[in-house]
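Here are the chains, one letter per residue:
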Amino acid sequence: MRQKVANYPGVTVERKEGWFLDQHGQKQRILDLPGAYSLNATSPDEEILRDVILGRREDTPKPDVVVCVVDASNAERHFFLATQIMELGIPTIVVLNMTDIAKTKGIEFDPQKLSDSLGVPVILSNASAREGIPQLRVELSNAELKASKHRVPLPEELLAKLQKSEEPEDVHFLYEPNHPDHEFDEEWQDKLVALRYGAVRELFRDVSYKIDEGARNPTEEIDRFALHPVFGPILGLGIMVGIFYLIFSFASIPMDAIDATFAWLGEQVGNFMPEGDLRDLITDGIIAGVGGVVIFLPQILILFFFIGLMEDTGYLSRIAFMMDRLMSWVGLSGKSFLPLLSSYACAVPGIMGARTIESPKDRLITILVAPLTSCSARLPVYLLLIPAMAPNLSPLQKTGAMLGLYVLGTAGVFLFAAIFNKVFKRESSTLAVMELPTYKRPSLQSIGLQMWERGKIFLRRAGTVILGISIILWALETYPKTSDDPTEQLANSFAGKVGHAIEPLIEPLGYDWKIGIGLVTSFAAREVFVSAMAVTYHVEEGDDDDSTMQALLAKIQDAKRRDGTPVFTPLTCLSLLVFYVFAMQCMSTVAIVKRETNSWRWPLFQIGYMTAAAWIAAFMVYQGGKLLGFT
Amino acid sequence: MIADRQTFPLRDLKPNVIAVVHDFVEGTRNRIRFAELGLLPGREIQVLRKAPLGDPLEIQVGETLLSIRKREAESIVVSLDHES
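Think of each chain on its own: its residues are numbered from 1, step by step along the sequence as written. Chain letters start at A and ligand numbers start at 1, both assigned in the order the entries are written. Predicted model: local features are reported for residues with pLDDT of at least 70 only, side-chain atom pairs are reported and counted for 80 or more only, and whole-chain, interface and lining totals are derived from all residues. Note that the side-chain values use all heavy atoms of the structure and ignore hydrogens as well as water.

Draft legend 1. Structural view of the packing of helix H17 (residues 360-369) of chain A against helix H29 (residues 601-627) of chain A. Residues and elements named next belong to chain A. For the pair H17 and H29, the least separation of the axes is 10 Å and the interaxial angle reads 45 degrees. Put simply, H17 runs oblique to H29. Read as a crossing pair, H17 and H29 show a hand that is right-handed. Contacts between H17 and H29 involve Leu364, Ile367, Leu368 and Val369 from the former and Trp602, Phe605, Gln606 and Tyr609 from the latter. Ten residues, namely Ala, Val, Leu, Ile, Met, Phe, Trp, Tyr, Cys and Pro, are considered nonpolar, four, namely Asp, Glu, Lys and Arg, are considered charged, and the remaining ones, Gly among them, are considered polar. Grouping the constituent residues of the contact of H17 with H29 by class yields seven nonpolar, one polar and no charged. Helix axes are fitted to C-alpha atoms over the stretch in contact, other axes to C-alpha atoms as well, and angles between N-to-C directions run from 0 to 180 degrees. Only DSSP runs of H or I with at least four residues qualify as helices, and only runs of E with at least two residues qualify as strands; both kinds are numbered from the N terminus onward. Should an angle fall under 35 degrees it is called roughly parallel, over 145 degrees roughly antiparallel, and 65 to 115 degrees roughly perpendicular, with every other angle called oblique. Crossing handedness is read from the near helix: turned anticlockwise from the far helix by less than a right angle, it gives a left-handed crossing, and turned clockwise, a right-handed one. Whether two residues are in contact is decided by their heavy atoms, any of which lying within 4.5 Å being enough.

Draft legend 2. Region of the structure containing the interface of chain A and chain B. Listed per partner, the contact involves 48 residues of chain A and 32 residues of chain B. As a working definition, buried area equals the accessible area (1.4 Å probe) given up by two parts on being put together, with both sides summed. Buried surface at the junction of chain A and chain B, both sides included, amounts to about 3,400 Å², of which 55% is carbon and sulfur. Any Lys or Arg side-chain nitrogen located within 4 Å of an Asp or Glu carboxyl oxygen qualifies as a salt bridge. Along the contact surface separating chain A from chain B lie four salt bridges. When the shortest N-O distance is used, the salt bridge between Arg69 of chain B and Asp324 of chain A registers 2.6 Å. Nitrogen and oxygen atoms within 3.5 Å of one another constitute a polar contact, given that in protein one can donate a hydrogen and the other can accept it, and given that sequence-neighbouring residues count only through two side-chain atoms. The tally of links between chain A and chain B comes to 13 residue pairs in polar contact (both at pLDDT 80 or more). Secondary-structure elements contributing two or more residues to the side of chain A that touches chain B are helix H2 (75-86), helix H8 (186-205), helix H9 (218-226), helix H14 (315-328) and strand E8 (434-435) of chain A. When its residues are assigned to classes, the side of chain A that touches chain B shows 18 nonpolar, 14 polar and 16 charged. DSSP calls a pair of strands paired once it identifies at least 2 bridges connecting them. When E8 of chain A meets strand E5 (residues 64-68) of chain B, the two strands line up antiparallel, connected through two bridges. By the bridge assignment, Glu435 of chain A is partnered in E5 of chain B with Leu66 of chain B.

Draft legend 3. Main features of the pairing of E5 of chain B. All names here are of chain B. The classification of residues rests on relative accessible area computed with a 1.4 Å probe and restricted to protein chains. Under 20% of the type maximum is buried, over 50% is exposed, and intermediate values are partly exposed. Of all five residues that make up E5, five are buried, and the element is covered over most of its length. Burial of the side chains of E5 extends over both faces: Thr64, Leu66 and Ile68 are buried on one face and Leu65 and Ser67 on the other. Two strands pair when backbone bridges link them, and strand E4 (residues 57-61) and E5 are joined in this way by five bridges, in the antiparallel orientation. Bridge pairing in E5 links Ile59 to Leu66. Counted between consecutive antiparallel strands, the loop separating E4 from E5 contains two residues, among which Gly62 sits at a positive phi close to 60 degrees.

Draft legend 4. Seen up close, the pairing of strand E3 (residues 66-71) of chain A. Residues and elements named next belong to chain A. The pairing of E3 with strand E4 (residues 92-97) spans six bridges and is classified as parallel. Bridge assignment links Val70 to a residue of E4, and that residue is Leu96. By definition, the crossover connecting two strands over a helix is right-handed if that path, from the first strand to the second, turns clockwise as seen with the strands pointing away from the viewer. In this fold, the crossover linking E3 to E4 by way of H2 has right-handed handedness.

Draft legend 5. Geometry of the nonpolar core. Residue and element names in this part refer to chain A. To define a nonpolar core, start from buried Ala, Val, Leu, Ile, Met, Phe, Trp, Tyr and Cys residues and group those joined through side-chain atoms within 4.5 Å. Among the nonpolar cores identified, the biggest contains 117 residues, and Val369, Tyr511, Phe529, Phe568, Leu576 and Phe579 are the most heavily contacted of them. Excluding residues within four positions of it along the chain, Phe568 makes contact with Leu385, Ala388, Ile515, Met533, Tyr537, Ile556, Cys573 and Leu576. Counting 30 residues, the second largest nonpolar core, distinct from the first, contains Cys68, Leu81, Phe109 and Val120.

Draft legend 6. Highlighting the sheet that holds strand E3 (residues 44-50) of chain B. Read from one edge of the open sheet, seven strands run E8(A)-E5(B)-E4(B)-E3(B)-E2(B)-E6(B)-E1(B), paired in antiparallel fashion. The two strands at the open ends of the sheet, each matched to only one other strand, are E8 of chain A together with strand E1 (7-9) of chain B. Packed onto the sheet, H9 of chain A meets E3, E4 and E5 of chain B and runs at close to 30 degrees relative to E3 of chain B.

Draft legend 7. Quick peek at helix H27 (residues 570-582) of chain A. Residues and elements named next belong to chain A. In a helix, the anticipated span is given by 1.5 Å times the number of residues less one. Here H27 contains 13 residues, and its C-alpha end-to-end distance of 19 Å stays within 8% of the 18 Å for a straight helix at 1.5 Å per residue. Of all 13 residues that make up H27, 11 are buried, and the element is covered over most of its length. Buried residues of H27: Leu571, Thr572, Cys573, Ser575, Leu576, Leu577, Val578, Phe579, Tyr580, Val581 and Phe582, and no others. As for H27, its buried residues are in contact with helix H18 (379-389), helix H19 (395-423), helix H24 (513-521), helix H25 (528-536) and H29.

Draft legend 8. Summary view of unusual backbone geometry. Between Tyr479 of chain A and the following residue, Pro480 of chain A, the backbone shows a cis peptide bond with an omega angle of -10 degrees. One can find Pro480 of chain A in the loop between helix H20 (444-478) and helix H21 (486-492). Cis geometry is found at the peptide bond from Asp55 of chain B to Pro56 of chain B, where omega equals -5 degrees. You can see Pro56 of chain B is positioned in the loop between E3 and E4. Located in the positive-phi region is Met98 of chain A, a residue other than glycine, with phi close to 55 degrees. Secondary-structure assignment places Met98 of chain A in the loop between E4 and helix H3 (99-104).

Draft legend 9. Up close: helix H4 (residues 111-118) of chain A. Residues and elements named next belong to chain A. Turning to H4, its buried residues number three or more, namely Leu114, Ser115 and Leu118. Each buried residue of H4 lies within a common arc of 100 degrees when the element is viewed along its axis, so the set occupies one face. Just downstream of H4 lies Gly119, where phi reads positive at about 80 degrees. Think of it as the arc spanned by the lines of direction from the helix axis to the C-beta atoms.

Draft legend 10. Spotlight on the sheet that holds E3 of chain A. Residue and element names in this part refer to chain A. Strand order in this open sheet of three strands is E3-E4-E6, and the pairing throughout is parallel. Of all strands in the sheet, those bounded by a partner on one side alone are E3 and strand E6 (122-124). On average, adjacent strands in this sheet sit at an angle of 20 degrees to one another, irrespective of strand direction. Where E4 and E6 come together, three bridges link them in parallel fashion. Opposite Val94, over in E6, you have Val122 as the bridge partner. Each of E4 and E6 touches H4; the most contacted strand, E6, lies at about 155 degrees to it.

Draft legend 11. Broad picture of a nonpolar patch on the surface. Residue and element names in this part refer to chain A. Patch members must show over 30% relative accessible area and no salt bridge, and they are joined within 9 Å when carrying like charges or within 5 Å when they are nonpolar side chains of Val, Leu, Ile, Met, Phe, Trp or Tyr. Methods summary: accessible areas were calculated by the Shrake-Rupley approach with a probe of 1.4 Å, and residue burial reflects only the protein chains presented. On the surface, Phe225, Val230, Phe231 and Ile234 cluster together into a nonpolar patch covering about 390 Å² of accessible area. Residue placement: Val230 occurs in the loop between H9 and helix H10 (231-249). The partly exposed category is assigned to Val230, whose relative accessible area is 46%.

Draft legend 12. View of the pattern of salt bridges. All names here are of chain A. Applying the stated criterion across every chain yields a total of 19 salt bridges over all chains. Of the charged contacts, one joins Asp277 and Lys481 as a salt bridge, the two residues approaching to 2.8 Å between their closest N and O atoms. Here Asp277, found in helix H12 (residues 277-294), pairs with Lys481, found in the loop between H20 and H21; they are 204 residues apart in sequence, far enough to count as distant. By relative accessible area, which is 51% here, Lys481 ends up exposed. A salt bridge links Arg595 to Glu596, with the nearest nitrogen and oxygen atoms 3.4 Å apart. Judged by its relative accessible area of 11%, Glu596 falls in the buried class.

Structure representation (structure tokens):
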């Protein structure tokens, strides 16, 4: 019985399924549903919960048993939903989870009494220490589970209305907004909420004890520092910088290992296979293409470890709380901050992280602007073009130039978020209210499980989408066969023809057809631009990455146009840098946006608007620069 | 007591002063959701702190901690006197 649980409301938007063997050796399916505040759903993830429990979803059978996992440290609020579910007449098991935290708050329970008054089994548990799991397994093996007898006492007036209906859920949905059969009556709904809270309070009067009134409140003690007006932001910034430092520094060790493994693999294939197209396809197409993407796995795992850690402890919501104001300037909420921040490492996990955003509009805008952040795949491009643009920069000036590109990308995020916010504006009833969960000890098991899930998704994509594109690109550069000279071959290949074909389009930006090949081939992944330039300019393999880069740098600085002027003038390099800041150029992102938005519409729109923005910005830089007398 | 009860919007409540939820401003959007989160008339409520940038507010209702924007806190009316 392993499931991903996150201490961040709305995280489990996805269906999570598992199974276990009960005591009779029967296989039982478990479905982990997203958390919710009420059956009266206000967000997509809450709708999933409501629809599955009511059997309204065609893809999921109505559950036989519902296990209500209730936060014992805030049982009253969580019992609001639990009693709603219990009144539907479905057999229920109540698990009072996080009893350790409740204990630190001085709250204890009498599970037997609670079980007696509800008429269903009640289990005390502490899932991070795996307490209570055996009892749950025993209860789930019981075929005689009953529905709860608990009912919120209703006034005559409401009972009279309910007599007309036959469905037990109607008590919750008699006034469900937007439901064809129900009239929505806010006043009644409001009364119903108050009645339910009253009933829950009554229920707990006899079964929970505040044993220690003056108990310490660790969450408040931590927040006094973590949300302090001065130290709070410093701590948050420190943690962010630390995570990014680890992603860039620590990840390089496994990344080098992966790089070396793929290089070794390519060498082995090169040694064992006879020369020919098939060997080239495997080494230059498949191994180089897939390896170029798999190399980002360590960064993604490190990022997900820290996101998981912050989610699980409850700190993530604190960051969202502190950043809410900043995000509200462009019409978003604090919940968008972390997915966008993650996108600086890689937009793919960032876009997946946008699931934590309840508002569909906010989530869509976040997904649309996330690839504008300067992700790590842009780094190789920046690292090649900055020295090409200005060879005599000091390291400090280079860092400044790099930082400038990051600032430009960030400005793009805010600009387009603001534009989309205006364009998609509709009468929105989005709540910015967000729960700040109680801090708890992180479960390394659940974080590990999450990393494994994400890693698997990432690798599966590398084995499918990226593999396919790598093969296609290789073929486009290899056929039709015209010459043994790699440069000649490239010029006359399909890719070369495409480069020539788009030349008129990119000439106003200061690029020639060879750069065009780089742009087209790097459509799958930005860093391919560097390897495309290496192939185009026929750079020999160096001893290590650095010397290859140096050799490539020397080659492109020597490159001449047909009229003898250099190709990579400072202005062309700058224009290219600006182009890469804004351009989409990432198949993985296209694939993940398609998956997350469940349509081709948004990834296509994203390619369109980002490419247009990149072209316009590069055009303005190049033409503007020329007008000002730069070359 | 009722006569001199002073009501004011939640956004004007000073941090760490315990107040009681009185009502919602007429036409409050999502008032059902607020109620479901535990913001019910008669409930004790307090503002724990402002976010470092001044907005939103962190509030406590029962055992629940919520982040709520000042604009949203505008529509929740609280009072200082305790009936209990």
